[in-house]
Amino acid sequence: MRMMSLCLFMCLLPIKALADDLVVFAAASLKGPLDAIAAPFENVVVSYAGSGTLARQINQGAPADVVLLANAAWMDVLVDAQSVADPITFVGNRLVFVGQPDAADVALTPDGLANGLNGGRLAMGFTSSVPAGIYGKAALESLGLWHTVAPSVVEMDNVRAALNLVARGEVPLGIVYQSDALIVPDLKIVAQFPQGSHPDIAYYAAMTTTSDHPDAQSFVDALRGPTAKEIFDAAGFCTDARWC
């Protein structure tokens, strides 16, 4: 199974990525700003997916140089397996409900969510493995709403997939990051989870212990640089000490 997973991943990468390219595994919610940050580097290949998927691929031997995850627990899995070393935090985010542009604001109460869903489904990441889903479930539980809304939840393998369900009008509401909501102009943030309702959302970066790429450390360092800060701020991420 491990060999099949590795072979499948290698087939999906561009051929050059198996030689000289700097291979970066990154949480799906980073796409956009990370592409801009990576642009000045030569021969960078970024593979986007859910943090749990990426962590499992790294531990199965996938050939990556740098890994960027949206959840401390998944980075801890890699640290414990000695797959990465010395992770850093570099940016944060907020968790929001997103809906159609004509949707009313949603009160974070049982009645408020029921009105917002109007018999429809709530899209979010997998609550057992996708960070946005893990954070979302934790927030709903802290607000006493999880058991009310759980039967309506449709879980997706990454946060952008949840966002796309809302964008296509297949579900009335989704739980996504603030930065995700901003990439679809026709959608509306209808509610924000209050601070303290879930753990701080922080992104973590680390080099893999198998990487010997000369640009790997420079890429990690650039994530905390002034150019990256401007890019992340403009994209709706948080770069202050408490994230958001």
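Residues numbered from 1 in each chain as written. Predicted model: local features only at pLDDT ≥ 70, side-chain atom pairs only at ≥ 80, totals over all residues. Heavy atoms only, no water.

### Side note on the packing of helix α3 (residues 51-59) against helix α4 (residues 72-80)
Phase 1 of the analysis: With their axes 9 Å apart at the nearest point, α3 and α4 run at an angle of 5 degrees to one another. Relative to α4, α3 is oriented roughly parallel. Within the contact between the two elements, α3 uses Ser51, Gly52, Ala55, Arg56, Ile58 and Asn59 and α4 uses Trp74, Val77 and Leu78.
Phase 2 of the analysis: Classifying every residue of the contact of α3 with α4 gives five nonpolar, three polar and one charged. (Axes fitted to C-alpha atoms, helices over the stretch in contact; angles between N-to-C directions. Helix = DSSP H or I, 4+ residues; strand = E, 2+ residues; numbered from the N terminus. Parallel < 35°, antiparallel > 145°, perpendicular 65-115°, else oblique. Contact = heavy atoms within 4.5 Å. Nonpolar A, V, L, I, M, F, W, Y, C, P; charged D, E, K, R; others polar.)

### Brief notes about the nonpolar core
Phase 1 of the analysis: Of all hydrophobic cores here, the largest spans 59 residues; its most connected members are Leu30, Leu68, Phe97 and Tyr203.
Phase 2 of the analysis: Tallying contributions element by element places helix α8 (residues 159-167) first for this core, with five residues.
Phase 3 of the analysis: Setting aside chain neighbours within four positions, we find Leu68 in contact with Val24, Phe25, Ala26, Ala27, Leu30, Leu34, Leu54, Phe90, Tyr204, Ala205, Phe219 and Leu223.
Phase 4 of the analysis: Counting 17 residues, the second largest nonpolar core, distinct from the first, contains Leu69, Met75, Leu78 and Tyr204. (Core = buried A, V, L, I, M, F, W, Y, C linked by side-chain atoms within 4.5 Å. Buried < 20%, exposed > 50% of the residue type's maximum accessible area, 1.4 Å probe, protein only.)

### A closer look at the pairing of strand β1 (residues 22-27)
Phase 1 of the analysis: In terms of burial, β1 is a largely internal element, six of the six residues being buried.
Phase 2 of the analysis: Residue alternation in β1 divides its side chains into two sets, Leu22, Val24 and Ala26 and Val23, Phe25 and Ala27, and both sets are buried.
Phase 3 of the analysis: Pairing of β1 with strand β2 (residues 44-49), which is carried by six bridges, proceeds in the parallel orientation. In the sheet register, Ala27 faces β2, and the bridge partner there is Ala49.
Phase 4 of the analysis: With respect to chirality, the unit in which β1 leads through helix α2 (residues 33-38) into the neighbouring parallel β2 is right-handed.
Phase 5 of the analysis: Here three bridges tie β1 to strand β3 (residues 66-69), and the two strands are oriented parallel to one another. (Pairing = 2+ DSSP bridges. Right-handed = clockwise from strand over helix to strand, strands pointing away.)

### A look at the side chain of His198
Phase 1 of the analysis: Position of His198 relative to the elements: it lies in the loop between β9 (188-192) and β10 (201-208).
Phase 2 of the analysis: His198 has contacts with Leu95, Tyr135, Ala138, Ala139 and Phe193, leaving out every residue within four places of it along the chain.

### A few points about the sheet that holds β3
Phase 1 of the analysis: Pairing is mixed in the open sheet, where five strands are placed in the order β2-β1-β3-β10-β4. The open sheet has two free edges, formed respectively by β2 and β4 (84-93), since each of these has just one partner strand. Direction aside, the axes of adjacent strands within the sheet are offset by 20 degrees on average.
Phase 2 of the analysis: Contacts between α3 and the sheet are confined to β1, β2, β3 and β10, with β1 contributing the most and set at about 140 degrees to the helix.

### Remarks on the side chain of Thr127
Phase 1 of the analysis: Along the chain, Thr127 turns up in the loop between β6 (122-125) and α6 (131-142).
Phase 2 of the analysis: The class for Thr127 is buried, based on a relative accessible area of 16%.

### So, the sheet that holds β6
Phase 1 of the analysis: The five strands lie next to each other as β7-β6-β8-β5-β9, forming an open sheet whose pairing is mixed. The open sheet has two free edges, formed respectively by β7 (153-156) and β9, since each of these has just one partner strand. Across the sheet, the mean angle separating the axes of adjacent strands is 35 degrees when strand polarity is ignored.
Phase 2 of the analysis: The sheet contact formed by strand β5 (residues 95-99) and strand β8 (residues 173-177) spans four bridges and is antiparallel.

Keep in mind these numbers describe shape, not what the thing actually does.
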